[in-house]
Amino acid sequence: MTTTLEAEVLNFLSEPDPARFEELAVALFNYQRRENPVYAKYCEFLGTPDTLDSWQSIPAVPQIAFKRSAIRSFPASLTTTEFRTSGTTGEGHGKHFFPSLRLYEAAVQKGWDYFQLPRNRFVMFMQHPDEAPFSSLSSMGGILTGSDRSRFVICNNGEVEIDRFMALLGECPNPLTLFGTALAFLHLIELFPDLRIQLPEGSIAMETGGFKGSGRETSKRCLYGQISRQFGIGIDSIWNEYGMTELSSQFYSRNIGRSHHGPPWTRFLIVDPETNRVAAPGETGLIRMIDLGNLWSVIGIQTQDLAVEQPDGGFLLLGRDPAAVPRGCSRAMDELLQFARS
Amino acid sequence: MDLETRIAAIATAAEQFPWLGDLSAPGIARWIGLELGQSLSSTQPLPYGKQNYLVRPLDPILHIVSSNTPHAALQSLIRGIVVGSTNWIKLPKEGLVEVNAFADALPTELRPELARTLPPAWIDEAEAVVIFGSDETVREISLRILPSQRFIVHGHKISLGLIRSECSPDLANRIADDLFVFDQLGCLSPQVLYVAGDSIEFAWRLAQHFEQTRPARIAAAPQHEIAGTLRAFHEEWKFRAATEPGVCFWESPGALAWAVVHDPSPARAPNPLYGTIFIKPIPADLRSAFLRVRRHIATVGVDPLDSESVEIAVRIGAQRVCAIGQMQNPSVTWHHDGQPTLANFVRYVDIEGPAEDWIAPRKTQAPEDSTAQ
């Protein structure tokens, strides 16, 4: 197991130097190909050359690889943490293993700060990491709050602890950051449709995960409108976090219809699904991620999410709607692959 | 309009649609004769056991059709016209141009009413409702069906192949015929071929054949969502081919036109269709392997078409057995989903007692008819 590379990536996260990204990405690829037998087989199958000179050539494993195999670039015996996908398709969980969360924690914290997201008091619409030890989202919440249990308002059965939530809102006049899944926000809104709160100036809401796989932009607009009305914050103060269990870093967008951007230790490509090559500018394609934070698994992940690269350097997430795929009368023997973050 | 005229009208309209099969006037007459005997053409009740009977169409018939293939929609409509019903067709929201074209080719009085959104009255008033669609759609519509209405469901099905021969170019061509028509969305296209002998060799030869013959897409390039699903599937199986013993994967170079997957596991795997075929070894325990899907099996294509293949196909639950290459070409007389096609659209009226008691003398009818005029 390497600590040198980990130190190098940690340094990069602290002082990102775009000129060094390529070199570091290729070094991580070389390390992972050497230390991760599953990835080595995959690279061999694809005919990947022994040496790469560009991060864009790094083979990306499909997300589902985390369900099929142990994608681990360190000895299994050193595993300390395991994040799991929700496993809603009956195929079991995708698992992301770590020997240490140093890099993961740094990616969460540095990423949050990179986007100048406010360090307000948090109200987390998610379970505390002690109650959801396999949830990467809860872990992220724990990292951002210092694992302050009082900030988490989703109890074990998934219900919102409304009394505690209201108490947190009324605690003091400082701004708040409400952070949770879109579904948790929706649940709260449906439970208390008449709720009207004026959050202090500077408060934000951060929703995640809700519309991945739905492609319901109008629903997102509706949700943001409801959050805005019920919590007294502008639409411009509502953010989306785009992350997944298989990644260590997060991408963020603000408001509706705006690009997602990642921190400097990430890159993305939009891949034409028909040819599996980089899509022409402005064309819709699948997002392929490179995340230096993924030292302990693989840095290249091929997602199933559709997006369009934007002139501002980000991507506009279109989502993916499995229901839109006409299957005909030919019975789909199982649901097609869907990925959800636990 | 009498039966003979209806048959002639269907035959004329069907001339533009050769893929519907033999819908010549003699062919239709033969089909009616096979399924309903003389009952549809007879003006008098026919003897049946101790009683007599006649048949009358269920009228009107509502056909709720899906977007995957026009074939099934037109078959259902033609059945309705044959028995003499009024036909209403709820089209998919994107429409089905072939149904419109067929309707336009019919005489006005036989044309179905078409709608892309379902008028509520249609469900209430239909004597029979035929539905092609997903389990969810069927469930939703079924809640609105009364016990007094006949409800004919053509839900999602799977078709498969059973092959006990080598992958010759001829067989590969026939597999392609079954696989690529309607982008594989029809329920009669195979999703998986169970192969005796060296199934990896078979899969490799099939992929080689596809690569050399480069079968073109029937339809336009798939939408982004579909292409995304297909790409995800391709990448998953490439990964599995790299990391799991016995799994092999071949794809059309630089495109999503086709994929051949060799999967040694008897477990079912999702198939995104659009030219995607699984090759698996024939399971040792056929009964167990197909137990959970036997109710969903439509057609089993076999090669060779011999007694052993037919016996296996019937045993695993086939509703139709045919030669590979003919899977998407059922005869007009086929029992769709294992059911009679015309008899489902009529009601049988039994008339008991001596015929002389209830057959109205023709002479007494004539003056009444004259009076009425």
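Residues numbered from 1 in each chain as written. Chains lettered and ligands numbered in written order. Predicted model: local features only at pLDDT ≥ 70, side-chain atom pairs only at ≥ 80, totals over all residues.

## Let's talk about the overall build of chain B
Counting its regular elements, chain B contains 13 helices and 15 strands. With the principal axes as the frame, chain B shows a C-alpha extent of 85 × 45 × 40 Å. Within chain B, the proportion of its 373 residues that are buried is 43%. For chain B, the proportion of contacts with a sequence separation of at least 24, taken over those separated by at least 6, is 67%. (Helix = DSSP H or I, 4+ residues; strand = E, 2+ residues; numbered from the N terminus. Buried ≥ 20, exposed ≤ 12 C-beta atoms within 10 Å, placed from the backbone. Contact = placed C-beta atoms within 7 Å.)

## Describing the domain arrangement of chain B
Residue and element names in this part refer to chain B. Taken as a whole, chain B is organised into domain 1 (3-156 + 342-351) and domain 2 (158-323). Here the C-alpha centroids of domain 1 and domain 2 sit 32 Å apart. With four residues of domain 1 in contact, the opposing surface of domain 2 contributes five residues. Taken together, the residues of the side of domain 1 that touches domain 2 sort by class into no nonpolar, four polar and no charged. (Domains from an automatic or database assignment. Nonpolar A, V, L, I, M, F, W, Y, C, P; charged D, E, K, R; others polar.)

## With respect to the nonpolar core
Grouped together as the largest cluster of nonpolar side chains are 80 residues, with contacts concentrated most on Ala 25, Val 61, Phe 125, Leu 178, Ala 205, Leu 292 and Ile 299 of chain A. With six residues, the top contributor of residues to this core is helix H5 (residues 102-114) of chain A. Ignoring sequence-local partners within four residues, the contact set of Ile 299 of chain A consists of Ala 25, Leu 28, Phe 29, Gln 32, Ile 58, Ile 290, Asp 291, Leu 292 and Asn 294 of chain A. Counting residues in hydrophobic clusters, the runner-up holds 54 residues, among them Leu 185, Leu 188, Tyr 194 and Leu 256 of chain B. (Core = buried A, V, L, I, M, F, W, Y, C linked by C-beta atoms within 7 Å.)

## Remarks on the sheet that holds strand E5 (residues 113-115) of chain B
Residue and element names in this part refer to chain B. Reading across from one edge, E5-E4-E3-E6-E7 is the order of the five strands in this open sheet, with parallel pairing throughout. Each edge of the open sheet carries a strand with a single partner, namely E5 and strand E7 (150-154). Each strand of the sheet is rotated relative to its neighbour by a mean of 15°, with strand direction disregarded. The pairing of strand E3 (residues 61-64) with strand E6 (residues 128-132) spans four bridges and is classified as parallel. In the strand pairing of E6, Ile 64 is matched with Ile 131. Strands E3, E6 and E7 of the sheet are contacted by helix H6 (residues 135-142), whose axis makes an angle of about 160° with E6. (Pairing = 2+ DSSP bridges. Axes fitted to C-alpha atoms, helices over the stretch in contact; angles between N-to-C directions.)

## A closer look at the packing of helix H3 (residues 37-46) of chain A against helix H9 (residues 224-243) of chain B
It is at 8 Å that the axes of H3 of chain A and H9 of chain B come closest, and there the two elements cross at 110°. Relative to H9 of chain B, H3 of chain A is oriented roughly perpendicular. Contact with H3 of chain A, carried on its side by Val 38, Lys 41, Tyr 42 and Phe 45 of chain A, involves Lys 238, Phe 239, Ala 241, Ala 242 and Thr 243 of chain B of H9 of chain B and no other residues of that element. Split by residue class, the contact of H3 of chain A with H9 of chain B holds six nonpolar, one polar and two charged. (Parallel < 35°, antiparallel > 145°, perpendicular 65-115°, else oblique.)

## Observations regarding the packing of helix H3 (residues 70-83) of chain B against helix H4 (residues 97-104) of chain B
Residues and elements named next belong to chain B. The N-to-C vectors of H3 and H4 enclose an angle of 30°; their axes lie 9 Å apart at closest approach. Pair H3 / H4 crosses with right-handed handedness. Where H3 approaches H4, its residues Pro 70, Ala 73 and Leu 74 are matched on the opposing element by Glu 98, Val 99 and Phe 102. Looking at the contact of H3 with H4 residue by residue, the class counts come to five nonpolar, no polar and one charged. (Left-handed = near helix turned anticlockwise from the far one by under 90°.)

## Details of the environment of Ile 235 of chain A
Residue and element names in this part refer to chain A. Position of Ile 235 among the secondary structure elements: in the loop between helix H9 (217-231) and strand E7 (238-242). With 14 C-beta atoms packed within 10 Å, Ile 235 lands in the partly exposed category. If we ignore the near neighbours within four places in the chain, the residues touching Ile 235 are Tyr 224, Ser 228, Asn 255 and Ile 256.

## Here we look at helix H8 (residues 199-213) of chain B
Residue and element names in this part refer to chain B. A rise of 1.5 Å per residue sets the reference length of H8, with its 15 residues, at 21 Å; its end C-alpha atoms lie 21 Å apart and thus fit the reference within 8%. Of all the residues in H8, the buried ones are Ser 199, Phe 202, Ala 203, Leu 206, Ala 207 and Phe 210. Projection of H8 onto a plane perpendicular to its axis shows the buried side chains occupying an angular sector of 130°, all on one side. The inward-facing, buried residues of H8 contact helix H7 (169-180), strand E9 (190-195), strand E10 (248-251), strand E11 (259-262) and strand E12 (276-281). (Expected span 1.5 Å × (residues − 1). Arc of directions from axis to C-beta.)

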